[in-house]
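Here is how the chains run, residue by residue.
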Amino acid sequence: NYGAAHSRNIGVKNMDLESEIVIFIDSDIRVPATAVSSAVKVILQKPEILAVGGIYSQNSQSFNFITDFKNMDLAYRASIYTPYVKYLGSFFLAIKKSTFLEAGGFSTDFSGSSVEDVEFGYKVTSGKNLMFINKNILVDHLKTYTLFTMLKTDFQRIINLIKIIKKSKGKY
């Protein structure tokens, strides 16, 4: 298993040649029917925008306190972001195919799927706010957490964020 980044890179390289926009949706995400058309509409109407993402909703499909806590935390943090950002989560991401390919796709240097989208966003935007969070696109995160898996996920993410900072030598 090479991970999400590798699979996504292969998928984009094998897309129909005439396709202009790539949509990434994680397997543990439920997307409303209008999400894709809303994201594509923004990209087509605002050429300066390189990518569009949604945010996690506060809906949790779990009766587990840790899962509810984690999903509420993700939803809250996303709700306070400014609309224009330097990177987007790839759990729901629409991006121009040309932008994705010119950037070389997602880095496969990180284990699992944790921060390849952060590193990709910084690489693509050169630190400028050229990606757009559409807060009207609310996706449900269906992942279930235990205390252990939540801490493990967060710890691994922090380790990988430190790697990005060191690798960029202060550029990001």
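Going by the structure above, here's the rest.
This is a predicted model, so every value here is computed, not measured.

**As for the pattern of salt bridges**
Per the counting criterion, the structure on display carries 6 salt bridges. Residue K167 is joined to D109 by a salt bridge in which the shortest nitrogen-to-oxygen separation is 3.5 Å. Of this pair, K167 sits in helix α6 (residues 147-168) while D109 is found in the loop between α4 (97-102) and α5 (116-125), placing the two residues 58 residues apart along the sequence. For E119, the salt bridge identified is with K167, shortest N-O distance 3.8 Å. Of the two residues, E119 is situated in helix α5 and K167 in helix α6; the sequence distance between them amounts to 48 residues. Connected through salt bridges with shared partners, the residues D109, E119 and K167 form a single ionic network.

**Concerning the nonpolar core**
In this structure, F24, L88, I95, F100, F106 and F120 are the most contacted members of the largest nonpolar core, which totals 19 residues. Within the residue set of this core, elements represented by two or more residues are α1 (4-13), β1 (21-25), β3 (51-56), β5 (92-96), α5 and β6 (131-141). Look past the residues within four positions of F106 in its chain and what remains in contact with it is A5, R8, N9, F24, S90, L93, F100, E116, D117 and F120. Listed in part, the 16 residues of the second largest apolar core include I21, A39, I49 and A94.

**Quick notes on the packing of helix α3 (residues 65-79) against α6**
Contact geometry of α3 with α6 gives a least axis separation of 9 Å together with a crossing angle of 30°. In terms of orientation, α3 and α6 fall into the roughly parallel class. Counted together, I66, F69 and K70 of α3 and L147, M150 and D154 of α6 form the full contact between these two elements.

**Focus: the pairing of β6**
β6 sits mainly inside the fold: 8 of its 11 residues count as buried. In the sheet, strand β2 (residues 29-30) pairs with β6 via 2 bridges, with the strands oriented antiparallel. Bridging across to β6, I29 finds its partner in H141. Direction of pairing for β3 relative to β6: parallel, over a ladder of 5 bridges. Its bridge partner being in β6, V52 is matched across the sheet by F132. With 2 bridges joining them, strand β4 (residues 84-85) and β6 adopt antiparallel strand pairing.

What counts and how
- Residues numbered from 1 in each chain as written.
- Predicted model: local features only at pLDDT ≥ 70, side-chain atom pairs only at ≥ 80, totals over all residues.
- Heavy atoms only, no water.
- Salt bridge = Lys/Arg side-chain N within 4 Å of Asp/Glu carboxyl O.
- Helix = DSSP H or I, 4+ residues; strand = E, 2+ residues; numbered from the N terminus.
- Core = buried A, V, L, I, M, F, W, Y, C linked by side-chain atoms within 4.5 Å.
- Buried < 20%, exposed > 50% of the residue type's maximum accessible area, 1.4 Å probe, protein only.
- Contact = heavy atoms within 4.5 Å.
- Axes fitted to C-alpha atoms, helices over the stretch in contact; angles between N-to-C directions.
- Parallel < 35°, antiparallel > 145°, perpendicular 65-115°, else oblique.
- Pairing = 2+ DSSP bridges.

By themselves these figures say nothing about function.
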